[in-house]
Amino acid sequence: MKGNIAQLMQQAQKMQENLKRAQEELGNIEVTGQSGGGLVQVTVTGKMEARRVRIDPQALGDAEMLEDLVAAAFNDAVNKVNTESQSRMSAATAGMPLPPGMKLPF
């Protein structure tokens, strides 16, 4: 029994290290979302900080449409970051049994 607890503690520590590394890596990535077939592109970091916005001059004629395209491109980028985050966190906890319903990061 004592060996099982020690092994479980080792696995938990390794998982914590893997999670920390994955979070650091996520902070360094940049993801670009787009809308309007590429008319608007928004690049965000893994920490959801906007880095760049690119707007094709063709999209400048209609302000309301442009506002919608910027929002849609930003949401696309956020969804991509969330997908990448889930993928990296799942990889960081591979092999560790988590209680049902537990979401990552903690």
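Residues numbered from 1 in each chain as written. Predicted model: local features only at pLDDT ≥ 70, side-chain atom pairs only at ≥ 80, totals over all residues. Heavy atoms only, no water.

Asker: It is not clear to me how the sheet that holds strand β2 (residues 40–45) should be interpreted in this structure. Could you clarify?
Answerer: Sheet strands line up and pair through hydrogen bonds in the backbone, either parallel or antiparallel. Strand order in the open sheet made by the 3 strands is β1-β2-β3, with antiparallel pairing throughout. Edge positions in the open sheet fall to β1 (30–35) and β3 (50–55), since each of these has one partner strand only. The sheet shows a mean angle of 15 degrees between the axes of neighbouring strands, taken without regard to direction. One ladder, built from 5 bridges, connects β2 with β3; its direction is antiparallel. Bridge pairing links Val42 to Val53 in β3. Relative to β1, helix α2 (residues 63–92) is tilted by about 140 degrees, and along the sheet it contacts β1, β2 and β3. (Pairing = 2+ DSSP bridges. Helix = DSSP H or I, 4+ residues; strand = E, 2+ residues; numbered from the N terminus. Axes fitted to C-alpha atoms, helices over the stretch in contact; angles between N-to-C directions. Contact = heavy atoms within 4.5 Å.)

Asker: Teacher, can you tell me more about a nonpolar patch on the surface here?
Answerer: Side chains of Val53, Ile55 and Leu60 sit close together on the surface and give an oily, nonpolar patch of about 260 Å² of accessible area. Along the chain, the position of Ile55 falls in strand β3. (Patch = residues over 30% accessible without salt bridge, like charges linked within 9 Å, V, L, I, M, F, W, Y side chains within 5 Å. Areas by Shrake-Rupley, 256 points an atom, 1.4 Å probe, with all protein chains shown as cover. Salt bridge = Lys/Arg side-chain N within 4 Å of Asp/Glu carboxyl O.)

Asker: Just to check I follow, could you spell out the UniProt feature "coiled-coil region" (unreviewed entry) in the protein chain for this structure?
Answerer: On the UniProt side, "coiled-coil region" (unreviewed entry) is annotated at positions that read residues 5–32 here. Helix makes up 86% of residues 5–32 and strand 11%. Its end C-alpha atoms lie 44 Å apart. (UniProt positions renumbered as here; feature names shortened; annotations may be inferred.)

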